[in-house]
Amino acid sequence: MPDCGGGPIEQGHDMAEVGTGAEESAAQRSRSYHILDILRGIAAMSVVVLHFPQAFAPIAAPGAYLAVDLFFAMSGFVLANAYDAKLAGEMNAGAFLRARVIRLLPFYLVALLLSTIELAYFYRHDGLGMAVALSTVLNFFMVPVPPVGFPDNPLFPGNFVAWTLAFELLANIIYAVSVSRLSSQKLAIGVGASGAAVAAIAIVRGNLNGGAYWPDVHLAVLRVLFSFFLGVLVFRARATGRLPAISIPAIVPIGIATLALAWPVPASVRGAADAVVVLAIFPLVLIAATARAPRFSRRIDRLLGDVSYPIYVLQIPVFSALVLGAARLSPHLLQASAPWIGVAVLAALCAGSWLLAQRWEVPLRRRLSIWAGRAFGSEPDRQPSQRTGQRPTGP
């Protein structure tokens, strides 16, 4: 899930998003679009449930692959909020992209290390040593791996959810070099065209659950182009007053988004349902979630925002270790202990992610931002978006 991208949505996808600890003032860090923080946390957890059903049954989230599209849309809103004016002024695309890479890098590299160890172990008898080495090198730079022998030809063999981060960075590049200077009218035409393509593919294909493997890489491109730049459009409409500032109870967008991710839609109408969710429901959720001005964040808002990106990017190596380890201990251990074992490991991952974020990741990003500012002859960006206003952060 895009930086489906991290951090309370002071950042963007997203699935890890745009600000860094070094970039924010204390006042900015204390405010957020709190509903987006909550949505990011819920979406990240739903993706874990989707990917590891054996650890959570009977809890299920059959539509959680759509969390990616929600992450992309929130990230587009957050990044436009933080950088539209800056990129139209003195900030260049290089400085913007350095900030994005620094935002994603620490937890991404931890996940890459763990997943590479697991990948090498899993394929140790299959003659794929060179393929594992090549995938590690390319994925280090967030470059998808060409088909080299892995089953189903994944873009990121060790941590397949990382495709959302790579394609969000692609959207970030497009945004920085062109869209930030493009009129909203022209941008709307592009969003409409990509949305029509997404709807057509959803109906013909039967769902939007794709993007992690080379055969459906076209779907990855269309999903990020539509949802990310839709988020940019929503921000511009709100910033220019075209969207009313209305008071909507937080439970409304949160509840609707949760139902969209968890509702068991029949397979016969799944494609049409996915199209409706991505093209209509999620845009309305984003509009409702940003209807109120950023406010001082509460502990639960900040916690969910802080842990959403690390949960998302670390889920595959952490829960894969759980599944493999449990199977070695007893073939029926997971089935007998679900959903409590899944809930317990997810809670531990949340706690560990929060501690790592506070004690290690944020200070490291601050140092990287200072170093990058000196190395490239510019000051670190110290005034990003107000919180949510994600890893980012997709399945």
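Shown above is the structure to which this text applies.
Procedures and definitions
Residues numbered from 1 in each chain as written. Predicted model: local features only at pLDDT ≥ 70, side-chain atom pairs only at ≥ 80, totals over all residues. Heavy atoms only, no water. Salt bridge = Lys/Arg side-chain N within 4 Å of Asp/Glu carboxyl O. Helix = DSSP H or I, 4+ residues; strand = E, 2+ residues; numbered from the N terminus. Buried < 20%, exposed > 50% of the residue type's maximum accessible area, 1.4 Å probe, protein only. Expected span 1.5 Å × (residues − 1). Contact = heavy atoms within 4.5 Å.

### Comments concerning the pattern of salt bridges
1) Next: In this structure the tally under the stated criterion is eight salt bridges.
2) Next: Here Arg205 makes a salt bridge to Asp216, at a shortest N to O gap of 3.2 Å. Placement of the pair is Arg205 in helix H8 (residues 184–205) and Asp216 in the loop between H8 and helix H9 (217–239), with a sequence separation of 11 residues.
3) Next: Relative accessible area serves as the criterion here: at 35%, Arg205 is assigned to the partly exposed category.
4) Next: Looking at Asp216, the relative accessible area reads 10%, which means it is buried.
5) Next: Glu361 is the partner of Arg365 in a salt bridge, and the nearest nitrogen-oxygen pair spans 3.0 Å. Linking Arg365 with Glu361, this pair stays in helix H14 (residues 340–375), spanning four residues, or about one helical turn. By the burial criterion, Arg365 is buried, and Glu361 matches it.

### A look at the environment of Asp306
1) Next: Relative to the elements of secondary structure, Asp306 occurs in helix H12 (residues 299–329).
2) Next: Look at Asp306 and you get buried, because its relative accessible area is 8%.
3) Next: Along the sequence, Asp306 and Leu355 sit 49 residues apart, while their C-alpha atoms lie 9.7 Å from each other.

### Points about helix H6 (residues 129–140)
1) Next: Compared with the 16 Å implied by 1.5 Å per residue over 12 residues, the 17 Å span of H6 between its first and last C-alpha is a close match.
2) Next: Packed against the buried residues of H6 are helix H5 (93–122).
3) Next: Positive backbone phi, approximately 60°, marks Met142, located one or two places after H6.

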